[in-house]
Amino acid sequence: MNNTPELSIIVPVYNVQNHLELCLDSIMNQSFKNSEIIIIDDASTDNSASIIHKYEKSFPEISAYFMTKNVGVGDIRNLGIECANGSYIGFVDGDDWIDSDFYYNLMSLIKKDNSDIAVCGIKDEFNNFISGHIRYKYEIHNCINGKYALKLLTKSENFNSFITPIVNNKIYNKTFIINNKIKFNSNRSFEDDFFSFFACLYAKRVSLVPNTYYHYFQRADSITHVFSKNLIDDCFDMLIQIKTFLEEDKLMDNYIKEYYSFVERCIKSLLSMMRRKENDSCIQKKYIKYIFDIIAHSFNMHILIDYLDTNRIFDFWGVR
């Protein structure tokens, strides 16, 4: 009998004791059963480790690892990929949860389509856990090629669908990930954007999966919900890393529109986040100056403007 799991579910954990049981219960009660669950505690200082030990004793599918120092979710996921035995890989953060048929639906279609990635919808969840808001969804099953998927990720064309860079609402063929050397960068934020850009760039086929959701809990103290210069630095460091990889592999000429559309999308996301999280107009101006200084230093402005959408520029400045 072959006991090798078909799916490896990687769960990074850091100080999520109030949400971890809900997360793990949703994973352990999946209708898809042939899985291993790799839980990696990133040196939590709360009671998360005790909860992990309790579940590890009760479920033989769980393998738990405990870091002695905090390294960040990107490096934790890379470690999880190295430990994975399954043919497919998924990620669930320790404060989120998933529908009971989540992995059954994704696994069914990634195998049916022989695709490299399967992606489904996301529901944003808030403190009461029952008032989820749909962030993304797909109405019907569709299998698209990777070139089209990259356009949906970067918003380089005006299509009716979008692929979020969030990695948790997806599963990946492990061989595809390993063969293309796709890894998370070591930034404390925007690590999903880095991984997803190259995953879509190298994918041959991507399955869009309807009727299931990843439940993405919106923690007010999450690093992605606190605006700072470090967040700006991580964003532009990620974009520059992608640019360097594309140039070194002589791919920039083929994907220049997608790359600069991705730059625009990330800058717009930064400015939107700043507007939501920082109400002081003087501090906002300092952040904006800092962002524009980095843009001027890091990019050829003529090339950047060539690939920006003029309507979105006019909208940004309130031109009607």
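Above this note sits the structure.
How each quantity is defined
Residues numbered from 1 in each chain as written. Predicted model: local features only at pLDDT ≥ 70, side-chain atom pairs only at ≥ 80, totals over all residues. Heavy atoms only, no water. Phe/Tyr/Trp six-rings, centres within 6.5 Å; stacked < 30°, edge-to-face > 60°. Buried < 20%, exposed > 50% of the residue type's maximum accessible area, 1.4 Å probe, protein only. Lys NZ or Arg CZ within 6 Å of the ring centre and 35° of its normal. Patch = residues over 30% accessible without salt bridge, like charges linked within 9 Å, V, L, I, M, F, W, Y side chains within 5 Å. Areas by Shrake-Rupley, 256 points an atom, 1.4 Å probe, with all protein chains shown as cover. Salt bridge = Lys/Arg side-chain N within 4 Å of Asp/Glu carboxyl O. Lys, Arg positive; Asp, Glu negative; His and termini not counted. Charge placed at Lys NZ, Arg CZ, Asp CG, Glu CD. Helix = DSSP H or I, 4+ residues; strand = E, 2+ residues; numbered from the N terminus. Axes fitted to C-alpha atoms, helices over the stretch in contact; angles between N-to-C directions. Parallel < 35°, antiparallel > 145°, perpendicular 65-115°, else oblique. Left-handed = near helix turned anticlockwise from the far one by under 90°. Contact = heavy atoms within 4.5 Å. Polar contact = N/O pair within 3.5 Å; in protein donor to acceptor, adjacent residues only side chain to side chain. Core = buried A, V, L, I, M, F, W, Y, C linked by side-chain atoms within 4.5 Å. Pairing = 2+ DSSP bridges. Right-handed = clockwise from strand over helix to strand, strands pointing away.

Section: the packing of aromatic side chains
Then step 1. Counted according to the given criterion, the structure contains 20 aromatic pairs.
Then step 2. With centroids separated by 4.8 Å and ring planes inclined at 80 degrees, the aromatic side chains of Phe102 and Tyr103 adopt a geometry described as edge-to-face.
Then step 3. Accessibility expressed as a relative area gives 1% for Tyr103, which makes it buried.
Then step 4. Following the ring pairs from residue to residue traces out a cluster consisting of Phe194, Phe197, Phe198, Tyr202, Phe245 and Phe262.
Then step 5. Looking at Lys123, its charged tip hangs above the ring of Tyr213, at a distance of 4.9 Å from the centre.

A look at a positive patch on the surface
Then step 1. A surface patch of positive charge is lined by Lys229, Lys285, Lys286 and Lys289.
Then step 2. Among the elements that take part in the positive patch, helix H10 (residues 281-298) stands out by supplying three residues, more than any other.
Then step 3. Mapped onto the secondary structure, Lys289 falls in helix H10.
Then step 4. Judged by relative accessible area, Lys289 falls into the exposed class, the value being 60%.

Some points on the packing of helix H1 (residues 20-28) against helix H2 (residues 48-58)
Then step 1. Here H1 crosses H2 at 25 degrees, and the two axes come no closer than 10 Å. In terms of orientation, H1 and H2 fall into the roughly parallel class. Relative to H2, H1 is oriented so that their crossing is right-handed. For the pair H1 and H2, contact is made by Leu20, Glu21, Leu24 and Asp25 and by Ser48, Ile51, Ile52, Lys54 and Tyr55, respectively.

Remarks on the side chain of Gln218
Then step 1. On the secondary structure map, Gln218 appears in the loop between strand S10 (205-217) and helix H8 (229-248).
Then step 2. Polar side-chain contacts of Gln218 include one of 3.1 Å to the backbone oxygen of Tyr216.

Some points on the nonpolar core
Grouped burial of nonpolar side chains is what soluble globular proteins tend to show.
Then step 1. Judged by nonpolar contacts, the single largest core of 63 residues is most densely connected at Phe236 and Leu239.
Then step 2. Considering every element that reaches this core, the biggest residue donor is helix H9 (residues 252-277), with twelve residues.
Then step 3. Once residues within four sequence positions are removed from consideration, Leu239 is found in contact with Tyr259, Phe262, Val263, Cys266 and Phe299.
Then step 4. In this structure, Leu20, Ile51, Val92 and Tyr214 belong to the second largest nonpolar core, which totals 37 residues.

Quick notes on the pairing of strand S2 (residues 35-41)
Then step 1. Where burial is concerned, most of S2 is hidden: seven out of the seven residues are buried.
Then step 2. By the alternation rule, side chains of S2 split into Ser35, Ile37, Ile39 and Asp41 and Glu36, Ile38 and Ile40, which are all buried.
Then step 3. Bridge count for strand S1 (residues 7-13) against S2 is seven bridges, and the pairing is parallel. What sits directly across from Ile9, in S2, is Ile37.
Then step 4. With H1 bridging S1 and its parallel neighbour S2, the resulting β-α-β unit is right-handed.
Then step 5. Pairing of S2 with strand S3 (residues 62-66), which is carried by five bridges, proceeds in the parallel orientation. Counted as the bridge partner of Asp41 is Phe66 from S3.
Then step 6. As a crossover connection, the stretch from S2 through H2 into S3 is right-handed.

Focus: the pattern of salt bridges
Then step 1. For the structure on display, the rule yields twelve salt bridges.
Then step 2. Here Lys243 ties to Glu247 by a salt bridge, and the two come within 3.2 Å at their closest N and O atoms. Here the residue Lys243 and the residue Glu247 both occupy positions in helix H8, the gap between them amounting to four residues, near one helical turn.
Then step 3. Take Lys243: its relative accessible area is 18%, and that puts it in the buried class.

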